[in-house]
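Each chain, written out:
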Amino acid sequence: MRKNITRALGALMAIVAMTSCSGEKFHVNGEITNAKDSTLYFENISLTGPVTVDSVKLAEDGKFQFDVDATEAPEFYRLRIADQIINISADSTETVTVKAEYPDMAWKYEVEGSDNCKKIQELTYHQIALQNKCIAIAENPSLSMKVSADSIDRVIEAYKQEIKNNYIIKEPMKAYAYFALFQAIGSRLIFNPRENRDDIKMFAAVATSWDTFHPNSERGQNLHNIALEGMKTMRIIDADNQPANIDPNIVRETSIIDLELIDNKGATRKLSELQGKVVLLDFHTFEADNSTERIMELRRLYNKFHAQGLEIFQVAVGTNEHFWKTSVAALPWISVYDKTGTSVSTYNVQAIPTYFLLDRTCAPVKRDIQIKDVDAEIQALL
């Protein structure tokens, strides 16, 4: 679970083009013990995925050192062995020392030389604790779905207030304040500028501060763009609450309705390539309030039926592309992005989220409003 948390968290950072500071270097060194012959990657996280800056095969003592061009504005990196990740930030020419033991490096490590990196470590630990609380609530059999969802909302709201006061408002010009904005629980962003006015203010506050302390930085511009987009689209989910208008008879009789979209790894994925499998075609908006619960339900279905031939083809709609990529980084199924809304038009989708079940010929059989027992329907198609 911690592996998924840190992988998902690592993917929450946005990219900027790195501006060299007259050839000066930023240094990261330390040791990762119990990892002999493992490859330690030093990565910068871009909007299209992690970019490897350097790597080293660790010896018995686990010592390493990476040197990269310093940047004028704070930049974000990660140390990674397999799916264990440590997030750090680079600020000018400082030297950061990291010590950890594999395979627990992601959630138990020491960092020296950078106040920002220490704060990022604190945020990481706080986020892991929050994730564990939410999981405990969600898995409590004595709680109804509604009570569970309400409890999770309250826990997350309390967390938001703590992070807002102690890490964002306190020093919005710092790298750790920027980092805090992009924390998530599963696929649910803790600060969601798509539909929460107060969260938009947090993004705008950090953006304004970066304008002053890091003028013309692409990260600052990115924050401004996110805040502006949030102002325009925060009500999009409320407008999508009407059921989709597809004739069930037409759905049953039609042949394959193909889709061709780009996944989160940059590969072209066609729905028709999944012929031979039963497919759950899911249309999803990751900023929706019920996104976390929905993703957990999809995970349950995937874990239960994937080995028998079920595949999930999830289409992100009405979602900021950066939010989508960071949200799906740890998901095991096919995740694609519909920038133009073509898939929505093709399937006549009028409400999101929604899903269709496709048989082994990739022909639509039923959609969610026709289904009372999704497990039984999937089992019947398998």
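Fair warning: this is a prediction, and the values are worked out from it, not measured in the lab.

**Q** When you look at the nonpolar core in this model, what are you seeing that I'm missing?
**A** Within soluble globular proteins, side chains that are nonpolar generally end up buried alongside one another. Residues Ile163, Ile168, Leu181, Phe182, Phe203 and Leu223 are the most contacted members of the largest nonpolar core, which totals 34 residues. For this core, the secondary structure elements donating two or more residues are helix H2 (115-138), helix H3 (145-168), helix H4 (175-181), strand S9 (184-185), helix H5 (197-213) and helix H6 (218-233). In this structure, Phe26, Leu58, Phe66 and Tyr109 belong to the second largest nonpolar core, which totals 24 residues.

**Q** What should I look at first to understand the environment of Thr326 in this one?
**A** Residue placement: Thr326 occurs in helix H9 (residues 321-328). Residues Thr326 and Gly186, 140 residues apart in the sequence, show an inter-C-alpha distance of 10.0 Å.

**Q** Even after reading the chapter, I still don't get H5, so can you show me in this structure?
**A** Counted at 1.5 Å a residue, the expected span for H5 with its 17 residues is 24 Å, and the 25 Å between its end C-alpha atoms agrees. Residues of H5 that are buried include every one of Asp199, Ile200, Met202, Phe203, Val206, Ala207, Ser209 and Trp210, and no others. For H5, the N-terminal capping position is held by Asn196, with its side-chain oxygen 2.9 Å away from the main-chain nitrogen of Asp198.

**Q** Sorry if this is basic, but what is going on with the pattern of salt bridges here?
**A** It is possible for side chains bearing opposite charge to pair when their charged atoms get close. The final tally for this structure, using the stated rule, is 20 salt bridges. The residue Arg80 makes a salt bridge to Glu43 at a minimum N-O spacing of 2.9 Å. Within this pair, whereas Arg80 is found in strand S5 (residues 75-81), its partner Glu43 is found in strand S2 (residues 39-46), the two being separated by 37 residues in sequence. A relative accessible area of 18% places Arg80 in the buried class. With a shortest N-O distance of 3.4 Å, Lys325 and Glu321 are connected by a salt bridge. Here Glu321 and Lys325 lie together in helix H9, a separation of 4 residues that amounts to about one turn. One connected set of salt bridges, linked through shared partners, spans Glu297, Arg300, Lys304 and Asp375.

**Q** Sorry, what's going on with the environment of Gln221 here?
**A** Secondary-structure assignment places Gln221 in helix H6. The exposure class of Gln221 is partly exposed, given its relative accessible area of 42%. The spatial distance from the C-alpha of Gln221 to the C-alpha of Trp210 is 8.8 Å, given a sequence separation of 11 residues.

**Q** Help me understand the packing of H3 against H5 in this model?
**A** When two helices pack together, their arrangement is given by the angle between their axes and by how far apart the axes lie. Viewed as axis vectors pointing N to C, H3 and H5 meet at an angle of 15°, and their least axial separation amounts to 12 Å. By the angle between their axes, H3 is roughly parallel relative to H5. Where H3 crosses over H5, the handedness of that crossing is left-handed. For the pair formed by H3 and H5, the contact residues are Lys160, Lys164 and Ile168 on the first element and Asp198, Asp199, Met202 and Val206 on the second.

**Q** What am I meant to see in H3 here?
**A** Three or four residues apart is the spacing at which side chains of an α-helix point the same way, because the helix has 3.6 residues per turn. With 24 residues, H3 extends 32 Å from end C-alpha to end C-alpha; this agrees with the ideal 34 Å at 1.5 Å per step. Those residues of H3 not exposed but buried are Ser148, Ala149, Ser151, Ile152, Ile156, Tyr159, Lys160, Ile163, Lys164, Tyr167 and Ile168. Turning to H3, the residues buried within the fold contact H2, H4, S9, strand S10 (188-189), H5 and helix H8 (291-305).

What counts, and where the lines are drawn
- Residues numbered from 1 in each chain as written.
- Predicted model: local features only at pLDDT ≥ 70, side-chain atom pairs only at ≥ 80, totals over all residues.
- Heavy atoms only, no water.
- Core = buried A, V, L, I, M, F, W, Y, C linked by side-chain atoms within 4.5 Å.
- Buried < 20%, exposed > 50% of the residue type's maximum accessible area, 1.4 Å probe, protein only.
- Helix = DSSP H or I, 4+ residues; strand = E, 2+ residues; numbered from the N terminus.
- Expected span 1.5 Å × (residues − 1).
- Polar contact = N/O pair within 3.5 Å; in protein donor to acceptor, adjacent residues only side chain to side chain.
- Salt bridge = Lys/Arg side-chain N within 4 Å of Asp/Glu carboxyl O.
- Axes fitted to C-alpha atoms, helices over the stretch in contact; angles between N-to-C directions.
- Parallel < 35°, antiparallel > 145°, perpendicular 65-115°, else oblique.
- Left-handed = near helix turned anticlockwise from the far one by under 90°.
- Contact = heavy atoms within 4.5 Å.

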